[in-house]
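Here are the chains, one letter per residue:
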Amino acid sequence: MSHNHTSHPLPAPCIVDVGVIINNEDMRRVLNDLGHVHYIHTFDEEVQSEGEGWVVEVFSDSQQGTIIANRSLYLNVQSFDYLQLRRSPTQKTYFDLMQDHRCLRLIPIAHSSQTPELNSNLDVATLEAMVSQVLAAKWDVQSDNKDDDYPF
């Protein structure tokens, strides 16, 4: 007796604003561009610590830990069982990294720029002056290195 089973692979999950992510690579992709966040670390639903910081690195490595220090977050997705996307009452998405009785909640902080370095007030004139200085310095170096054999 033979059964004719057509094996169709299941489609990849589609998660929009709310859901659970268990794949480490999907977790990395979601967390990688968070930038500035408010974090709340709870254990057995009791707040252990909270603060603000920048997501500096998101990685997957069984030999390294997740570290939060000096307003910098180094997130190892292997430190957690899954990532749960949730929505606040104001319809903003936030992220709960879950591991047993531990939760690291990441709440994005909206800013006009994603990194502190890009938040400076450089205007066009300042930028043009900086480029001119760099080019002038390059031309000076080239003229200093010029051989008599080359007329340019």
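All values reported here derive from a predicted model rather than from experimental measurement.

Caption draft 1: Main features of the overall build of the chain. When its secondary structure is counted, the chain shows 2 helices and 8 strands. Starting at the N terminus, the α and β elements of the chain follow one another as β-α-β-β-β-β-β-β-β-α. Counting across all 152 residues of the chain, residues that qualify as buried make up 24%. The contacts in the chain between residues at least 6 apart in sequence include a share of 44% that link residues at least 24 apart. With the model as given, the accessible surface of the chain reaches about 11600 Å², and the carbon-plus-sulfur share is 51%.

Caption draft 2: Spatial organisation of a nonpolar patch on the surface. On the surface, a cluster of nonpolar side chains totalling about 250 Å² of accessible area is made up of V56, I67 and Y74. Note on placement: Y74 falls in strand β5 (residues 72-76).

Calculation rules
- Residues numbered from 1 in each chain as written.
- Predicted model: local features only at pLDDT ≥ 70, side-chain atom pairs only at ≥ 80, totals over all residues.
- Heavy atoms only, no water.
- Helix = DSSP H or I, 4+ residues; strand = E, 2+ residues; numbered from the N terminus.
- Buried < 20%, exposed > 50% of the residue type's maximum accessible area, 1.4 Å probe, protein only.
- Contact = heavy atoms within 4.5 Å.
- Areas by Shrake-Rupley, 256 points an atom, 1.4 Å probe, with all protein chains shown as cover.
- Patch = residues over 30% accessible without salt bridge, like charges linked within 9 Å, V, L, I, M, F, W, Y side chains within 5 Å.
- Salt bridge = Lys/Arg side-chain N within 4 Å of Asp/Glu carboxyl O.

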